[in-house]
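The residues making up each chain are set out below.
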Amino acid sequence: IDLFSRRAMGDYMIATLAEIKSYLGVSGSADDAFLTSQGQLVSDTIEAYCQRKFNLTTYTQTFYCEDYPKGSRQLMLAVFPVVAITSIEEDGEAITGYRLHPSTGILTKKEGFFFGDEIVAEYSAGYAQEDIPSVVKSVVYSVVGERYGKKKSGVDLNFGNDVQRVSIPGTISIDFDYTLSNNERSTPFGSIIGNYLNLLDKYRSD
């Protein structure tokens, strides 16, 4: 599936600047540039992890014969909810007799079965900005809020989601990051949204 060709990374944020500021209780514009850059970073990281865009986007998905069990009546589109199907072609022949379950992306052939060596589906899927799931937006709020708190306290943003600072007056100050597992540290997704990856799993493209 062509996941990223229709919109460049960073063109929008899953949660808008106004939504982030409202959640954090931030007034004024002094921190707008920082909050915007962090909102874009977290949004791009979430979409890279989920292998999809959350705003309404057009996708082209190709099923090859090894990608699905031949003789099946159903195919599962990778991104959902599906808003509209532009076309379905099986070995170059248009298919019109199908049913769609929009919220899951399950496509069912009304008569016969899928036997094609190559099935190409072009469709639009995703959410209007205001309809992006609250769980996904909450990850943006939480991670940006944590990074904003670190900026205000002078803690390095490369640390994980929870950092404890231990200071010996007049000598040394040490920041301990105690939340990220070794597995989370090993991926760019974990280093940014490690504590929240499990919340996003149900929205991942298959």
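Residues numbered from 1 in each chain as written. Predicted model: local features only at pLDDT ≥ 70, side-chain atom pairs only at ≥ 80, totals over all residues. Heavy atoms only, no water.

S.K.: Break down the packing of helix α1 (residues 17–24) against helix α2 (residues 32–50) for me, with residues and values.
M.R.: At a minimum axis distance of 10 Å, the contact between α1 and α2 shows a crossing angle of 110°. Taken together, α1 and α2 sit at an angle that is classed as roughly perpendicular. Between α1 and α2, the residues in contact are Leu 17, Ile 20, Lys 21 and Leu 24 and Asp 32, Leu 35, Thr 36 and Gly 39, respectively. (Axes fitted to C-alpha atoms, helices over the stretch in contact; angles between N-to-C directions. Helix = DSSP H or I, 4+ residues; strand = E, 2+ residues; numbered from the N terminus. Parallel < 35°, antiparallel > 145°, perpendicular 65-115°, else oblique. Contact = heavy atoms within 4.5 Å.)

S.K.: Go over the packing of aromatic side chains with me, naming the residues and quoting the values.
M.R.: Under the definition given, this model contains 5 aromatic pairs. Here the aromatic rings of Tyr 23 and Tyr 141 are separated by 4.8 Å at their centres, their planes lie at 15°, and the arrangement is stacked. Of this pair, Tyr 23 sits in helix α1 while Tyr 141 sits in helix α3 (residues 134–153), placing them 118 residues apart in sequence. The exposure class assigned to Tyr 23 is partly exposed, which follows from its relative accessible area of 48%. (Phe/Tyr/Trp six-rings, centres within 6.5 Å; stacked < 30°, edge-to-face > 60°. Buried < 20%, exposed > 50% of the residue type's maximum accessible area, 1.4 Å probe, protein only.)

S.K.: Explain the pairing of strand β3 (residues 82–90) to me, using residue names and the numbers behind them.
M.R.: Bridge count between β3 and strand β7 (residues 118–125): 7 bridges; the pairing is antiparallel. From the neighbouring strand, Val 82 faces β7, where its bridge partner is Ala 125. Where β3 lies against strand β4 (residues 93–94), 2 bridges are found, and the strand directions are antiparallel. From the neighbouring strand, Glu 89 faces β4, where its bridge partner is Ala 94. (Pairing = 2+ DSSP bridges.)

S.K.: Give a detailed account of the environment of Tyr 23, specifying residues and quantitative values.
M.R.: Tyr 23 sits 118 residues away from Tyr 141 along the chain, and the two C-alpha atoms are 6.8 Å apart. If sequence neighbours within four positions are ignored, Tyr 23 has contacts with Tyr 141 and Ser 142.

S.K.: Outline the pairing of strand β1 (residues 57–64), supporting the account with residue identities and numerical values.
M.R.: Of the two faces of β1, the one lined by Thr 57, Tyr 59, Gln 61 and Phe 63 is fully buried and the one lined by Thr 58, Thr 60, Thr 62 and Tyr 64 carries no buried residue. Of the pairings in the sheet, the one linking β1 to β7 comprises 8 bridges and is antiparallel in character. By the bridge assignment, Phe 63 is partnered in β7 with Ile 119.

S.K.: Can you break down the sheet that holds β7 residue by residue, with the values?
M.R.: Reading across the sheet, the 4 strands line up as β1-β7-β3-β4 and stay open at both edges, with antiparallel pairing between neighbours. Two strands in the sheet have a free side with no partner beyond their single neighbour: β1 and β4.

S.K.: Explain the pattern of salt bridges residue by residue, including any values.
M.R.: Enumeration over the complete set of coordinates arrives at 7 salt bridges. In this structure, the salt-bridge partner of Lys 137 is Glu 19, at a minimum N-O distance of 2.8 Å. In this pair, Lys 137 sits in helix α3 while Glu 19 sits in helix α1, placing the two residues 118 residues apart along the sequence. The buried category is assigned to Lys 137, whose relative accessible area is 7%. Here Glu 47 and Lys 53 are joined by a salt bridge, their closest N and O atoms 3.3 Å apart. In this structure Lys 53 comes out as buried when scored by relative accessible area, which is 0%. A cluster of three or more residues bridged by salt bridges with shared partners is formed by Asp 31, Lys 151 and Lys 152. (Salt bridge = Lys/Arg side-chain N within 4 Å of Asp/Glu carboxyl O.)

S.K.: Give a detailed account of the sheet that holds strand β5 (residues 98–101), specifying residues and quantitative values.
M.R.: In a beta sheet, neighbouring strands are held together by backbone hydrogen bonds and run either parallel or antiparallel to one another. Spatially, the 3 strands line up as an open sheet ordered β2-β6-β5, and their pairing is antiparallel. Two strands in the sheet have a free side with no partner beyond their single neighbour: β2 (74–76) and β5. If you compare each strand with its neighbour and ignore which way they point, the axes differ by 20° on average.

Taken by themselves, the reported measurements are silent on function.
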